[in-house]
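# Residue-level structural notes
This is what each chain is made of:
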Amino acid sequence: MEMLLPIRKIIHVDMDAFYASVEQLDRPELRGKPIAVGGSSKRGVVSAASYEARKYGVRSAMSSVLAQKLCPELIFVRSNFERYHEISKIIRKIFFEYTDLVEPLSLDEAYLDVTENKKGNPSATLIAQEIRAKIKEKTGLNASAGISINKFIAKVASDINKPNGQKTIPPEEVISFLEELDVKKFYGVGKVTKEKMYRLGIFTGKDLKAKSLEFLEEHFGKSGHYYYNVSRGIHKSKVKPEHTRKSLAAERTFNENIASEVFMLERLEEIAAEVERRLQKSKVAGKTITLKIKYSDFTLQTRSKTLPLYISSQSLIMETVKDLLFQEKMKESVRLLGISLSNLNNDTKKSLKVTSEESIDVQLKLAF
């Protein structure tokens, strides 16, 4: 007899154009205008773009020079991470009103597991609506959300009705939803991978699901197993809340792959700021700094260095990260960067117990 495991109800909350929206919130004269957060110099890069700017094709990680060409009326605004952190804290406080299973991905997005929640509400869809309404009430900002049975599908769903919308993919619709989805919208499929899939005749989730595991591993290496599973709605990664741990880290996956080290440094500054915030919140410092790099072909590389002293500040972290970044030439364009600090100065001897991830082969049809 096959054991029926309880369904997981996962919400992915993603703030709409977060940095740019905060600037427009604080400066009314910028509302309704195309703005870009970032430097306007020749070597500057766009950290975030308002929806007014996105209509012209301006995107994050784009060079400021190109952004200005696409949108001559573009207004550049310097980033204010202290303010972004302040609002992010308000948003996360709202999340914890519903569940302790909150996994922040960055200042502006997080996964929530509301299978069992503090409100006793069986509907993840209604919980997402409440959370978005509270965020709007408390901060004046809009958030979008995706709701489904696992992190992968929730993440994909959160982009569908952006901005200021949400999308629920209930268990019984998961397979049909994925089959109709263009592979370029699969989380984890970047520009290079998309083009490779298109050349192989893989245009939709249905096409992807039709390929054997052997075929996918032959053409996409280790990522082939991932594609094989997610095309079938299988993604076993649990929502991992922040705990006291042996390391503290932050990372960011980019909408478009980055090839320039200048752009990478801009992103790493943001990531280092987030690591500093988490270190200060946990009141710890670390000696070992690790730079995580995931390339466009999904190969993963880490570069580490152990210092003689404990550090926790963004500036000191970045000194080492720069050395690690230029330690060797990049193989190809980059889709993810991360920074972690380990060898921490906390006294606790406890280590997190890692449990094997559940296999969810059968989804119960409960209210979503």
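Reading guide: rules and limits
- Residues numbered from 1 in each chain as written.
- Predicted model: local features only at pLDDT ≥ 70, side-chain atom pairs only at ≥ 80, totals over all residues.
- Heavy atoms only, no water.
- Helix = DSSP H or I, 4+ residues; strand = E, 2+ residues; numbered from the N terminus.
- Buried < 20%, exposed > 50% of the residue type's maximum accessible area, 1.4 Å probe, protein only.
- Contact = heavy atoms within 4.5 Å.
- Axes fitted to C-alpha atoms, helices over the stretch in contact; angles between N-to-C directions.
- Parallel < 35°, antiparallel > 145°, perpendicular 65-115°, else oblique.
- Left-handed = near helix turned anticlockwise from the far one by under 90°.
- Polar contact = N/O pair within 3.5 Å; in protein donor to acceptor, adjacent residues only side chain to side chain.
- Core = buried A, V, L, I, M, F, W, Y, C linked by side-chain atoms within 4.5 Å.
- Pairing = 2+ DSSP bridges.

With that out of the way, let us pick up the environment of D16. Along the polypeptide, D16 turns up in the loop between β1 (10–15) and α1 (18–26). Judged by its relative accessible area of 3%, D16 falls in the buried class. When near neighbours in sequence (up to four residues on either side) are disregarded, D16 contacts S21, Y51, N142, A143, S144, K162, P163 and N164.

Before going further, it helps to examine the packing of helix α10 (residues 213–220) against helix α11 (residues 223–230). The N-to-C vectors of α10 and α11 enclose an angle of 140 degrees; their axes lie 7 Å apart at closest approach. Accordingly, the angle class assigned to the pair α10 and α11 is oblique. Note on packing geometry: the crossing formed by α10 with α11 is right-handed. From α10, L213, L216, E217 and F220 reach across to α11, where they touch S223, G224, H225, Y227 and Y228.

Looking now at the side chain of S144. Mapped onto the fold, S144 is located in strand β7 (residues 143–148). Residue S144 is classed as buried on the basis of its relative accessible area of 0%. In this structure the side chain of S144 is engaged in a polar contact, spanning 2.9 Å, whose partner is the side chain of D16. Separated by 3.3 Å, the side chain of S144 and the backbone nitrogen of G165 make a polar contact. Beyond its immediate chain neighbours, meaning those up to four positions away, S144 contacts H12, V13, D14, D16, R132, S158, N161, K162, P163, N164 and G165.

Moving on: the nonpolar core. Grouped together as the largest cluster of nonpolar side chains are 56 residues, with contacts concentrated most on I11, F18, F95, L112, I131 and I135. When residues no more than four places from it in sequence are discounted, the contact partners of L112 are K9, I10, I11, V13, F95, T99, L101, V102, I131 and V239. One finds A250, V275, L291 and L337 within the second-largest nonpolar core, a separate group that totals 32 residues.

Attention shifts here to the sheet that holds strand β10 (residues 286–295). If you walk across this open sheet you meet the four strands as β9-β12-β10-β11, and the pairing is antiparallel. Single-partner strands in this sheet number two, and they are β9 (247–258) and β11 (300–311). Ignoring strand direction, the axes of neighbouring strands in this sheet form an average angle of 15 degrees. Note that β10 and strand β12 (residues 334–344) share nine bridges and pair antiparallel. When the sheet's bridge partners are listed, L291 is paired in β12 with I339.

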